[in-house]
Amino acid sequence: MSILRFTGYESGNQAEQGGGSTGTWAVQATTVRTGDYAFRTNPSTTNVGYGNILGLGANGEGANMGVANMYTTVYFRYATKPATADEPIIVHATPTVVKLEVRLNSDGKLAVYDSALTLLATGATVLAADTWYRIETYSGTGATASWEVKINGTSEVSGTGDLTTTNNSRVWAGKSANRNSNTVDFFYDDICIDNAAFPGAGRCFRMDADGNGNYTAWTGVYTDVDDVPHDSDTTFISSATSLDAETVTLESGPAAGLVGTPIAVMASVVVRDEGGVSAIQVRLRSATTDSDTTSSERTTTYAFLNK
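Reading guide: rules and limits
Residues numbered from 1 in each chain as written. Predicted model: local features only at pLDDT ≥ 70, side-chain atom pairs only at ≥ 80, totals over all residues. Heavy atoms only, no water. Helix = DSSP H or I, 4+ residues; strand = E, 2+ residues; numbered from the N terminus. Rg over C-alpha atoms; globule rule 2.2 N^0.38 Å. Buried < 20%, exposed > 50% of the residue type's maximum accessible area, 1.4 Å probe, protein only. Contact = heavy atoms within 4.5 Å. Areas by Shrake-Rupley, 256 points an atom, 1.4 Å probe, with all protein chains shown as cover. Salt bridge = Lys/Arg side-chain N within 4 Å of Asp/Glu carboxyl O. Core = buried A, V, L, I, M, F, W, Y, C linked by side-chain atoms within 4.5 Å. Polar contact = N/O pair within 3.5 Å; in protein donor to acceptor, adjacent residues only side chain to side chain. Lys, Arg positive; Asp, Glu negative; His and termini not counted. Phe/Tyr/Trp six-rings, centres within 6.5 Å; stacked < 30°, edge-to-face > 60°. Pairing = 2+ DSSP bridges. Axes fitted to C-alpha atoms, helices over the stretch in contact; angles between N-to-C directions.

*Asks:* Please set out the overall build of the protein residue by residue, giving values where relevant.
*Replies:* From N to C terminus, the protein includes one helix and 23 strands. In terms of overall dimensions, the protein is globule-like: its C-alpha atoms have a radius of gyration of 20 Å, near the 19 Å expected for 307 residues. Counting only C-alpha atoms, the protein reaches 60 × 40 × 40 Å along its principal axes. Expressed as a percentage of its 307 residues, the buried residues of the protein come to 45%. Put simply, of all contacts in the protein between residues at least 6 apart along the chain, 66% involve residues at least 24 apart. Counting every atom, the protein has about 13,200 Å² of accessible surface; 49% of that belongs to carbon and sulfur.

*Asks:* Help me get a handle on the environment of Thr122, residues and values and all.
*Replies:* Its location among the elements puts Thr122 in strand S12 (residues 119-122). Under the relative-accessibility criterion, Thr122 is labelled partly exposed at 40%. For the pair formed by Thr122 and Asn152, sequence separation is 30 residues and the distance between their alpha carbons is 17 Å.

*Asks:* Account for the pattern of salt bridges, naming residues and giving values.
*Replies:* Applying the stated criterion across every chain, the model contains 16 salt bridges. Note that Arg206 and Glu10 form a salt bridge whose closest N and O atoms lie 3.9 Å from each other. Pair noted here: Arg206 is in the loop between strand S17 (185-194) and strand S18 (209-216) and Glu10 is in the loop between strand S1 (3-7) and strand S2 (18-23), with a separation of 196 residues, a long-range link. Using a relative accessible area of 5% as the deciding quantity, one classes Glu10 as buried. Between Arg206 and Asp208 there is a salt bridge, with the nearest N and O atoms lying 2.6 Å from each other. Several salt bridges share partner residues, and in doing so they unite Glu10, Asp36, Arg206 and Asp208 into one network.

*Asks:* Tell me what's going on with the nonpolar core, and back it up with residues and numbers.
*Replies:* Judged by nonpolar contacts, the single largest core of 35 residues is most densely connected at Phe76, Ile89, Leu110, Leu127, Ile135 and Tyr188. Listing elements by their share of this core, those giving two or more residues are strand S8 (70-80), strand S9 (86-93), strand S10 (98-105), strand S11 (110-113), strand S13 (133-139), strand S14 (145-151), strand S16 (170-175) and S17. What Ile89 contacts, discounting residues up to four positions off in sequence, is Phe76, Val102, Arg103, Leu104, Leu110, Trp172, Ala173, Gly174, Phe186 and Tyr188.

*Asks:* Go over the side chain of Thr34 with me, naming the residues and quoting the values.
*Replies:* Within the secondary structure, Thr34 is located in the loop between strand S3 (25-28) and strand S4 (38-41). On the basis of relative accessibility, which here comes to 15%, the residue Thr34 falls in the buried class. Polar side-chain contacts of Thr34 include one of 2.7 Å to the side chain of Asp190. When neighbours within four sequence positions are excluded, Thr34 is seen to be in contact with Glu10, Asp189, Asp190, Arg203 and Cys204.

*Asks:* Which residues make up the side chain of Asp189, and what are the values?
*Replies:* Tracing the sequence through the fold places Asp189 in strand S17. Buried and without a salt bridge, Asp189 has Arg33 as its closest oppositely charged side chain, separated by 6.2 Å. Of note is the side chain of Asp189, whose polar atom sits 3.3 Å from the backbone nitrogen of Thr34. Ignoring any residue separated from it by four or fewer positions in sequence, one finds Asp189 in contact with Gly8, Glu10, Val32, Arg33, Thr34, Tyr37, Ala38, Val74, Tyr75 and Trp132.

*Asks:* Please provide a residue-by-residue account of the packing of aromatic side chains, values included.
*Replies:* One pass over the full model with this rule turns up seven aromatic pairs. Seen from their ring centres, Tyr71 and Tyr138 are 4.5 Å apart, and the 20° between their planes marks the pair as stacked. Of this pair, Tyr71 sits in strand S8 while Tyr138 sits in strand S13, placing them 67 residues apart in sequence. With respect to burial, Tyr71 and Tyr138 carry one shared label: buried. Chaining the aromatic ring pairs together yields one cluster made of Tyr9, Trp25 and Phe39.

*Asks:* Could you give an account of unusual backbone geometry, with specific residues and numbers?
*Replies:* In the segment running from Val228 into Pro229, the intervening peptide bond is cis, with an omega of -10°. Inspection of the secondary structure puts Pro229 in the loop between S18 and strand S19 (246-250). Of note, Ala85 is a non-glycine position whose phi angle comes to about 55°, a positive value. Mapping Ala85 onto the fold places it in the loop between S8 and S9. Of note, Asp190 is a non-glycine position whose phi angle comes to about 50°, a positive value. Within the secondary structure, Asp190 is located in strand S17. Given the relative accessible area of 3%, Asp190 is considered buried.

*Asks:* Residues and numbers for the sheet that holds S9, please.
*Replies:* What the seven strands build is an open sheet, ordered S2-S5-S16-S9-S10-S11-S12; its pairing is antiparallel. Each edge of the open sheet carries a strand with a single partner, namely S2 and S12. Strand-to-strand twist in this sheet, taken as the mean axis angle between neighbours without regard to direction, amounts to 20°.

As structure tokens, this is what we get:
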């Protein structure tokens, strides 16, 4: 297993997914599978609403994944399905073009399309409203490439199709294009992307800051960075000195709700520059070992960096 990205939106911010979001969407706390937040897209008629999920660059910024094989686990539910025909819910894409598109039909079944938007297969399972399903998708690369879609761990449809010769770079979650002018209401949680195998069942959880860490050179303390979602300029830590470092301790796994054995960990920070030149790095410290991203030049707008 080689996990490329995961998100449960537990920061309360869509930027956690690495890319932007377009159209009608929200990170909300009312309808969730696990944790405190989940992603919602509810565009009307010809409008769109989706999140752009990217990989992780060496500098902590979102980056194209660029992998021949992509496996995803997406927990999905709907409140409103298409009234006619179908609309996309999960798409594997190059930086700009569809590779594999999974749509929800008006009858509650999944339909799968290739890069030419040719129908490859329609599933038999009827998805019920207001119910979380584990939708797993696989796409290869090539003019005749393998693909598969699973529901709750069971293969629903599979085969081969024209998935283009360009590698998988990102996942679009939501109605990423207007296919049949339907009003929809979709929810997403606990997303995981891998390039070697299906990630399988799981959940994302957040470990909050609960103390000052090994490095305390910045102005401010851990209580200035423990707000979820982040509170912009209300509370923060800061430094104008090169090579200053600041770390915080995190609550224990059980205190954060961890069940089972974690398979991936990501450190997330929300940062901005006051202006001028900056070179911000994210540090993940385990016991006495530090692991840093490469430098990221930031602007005066807040952004997520991850390690």
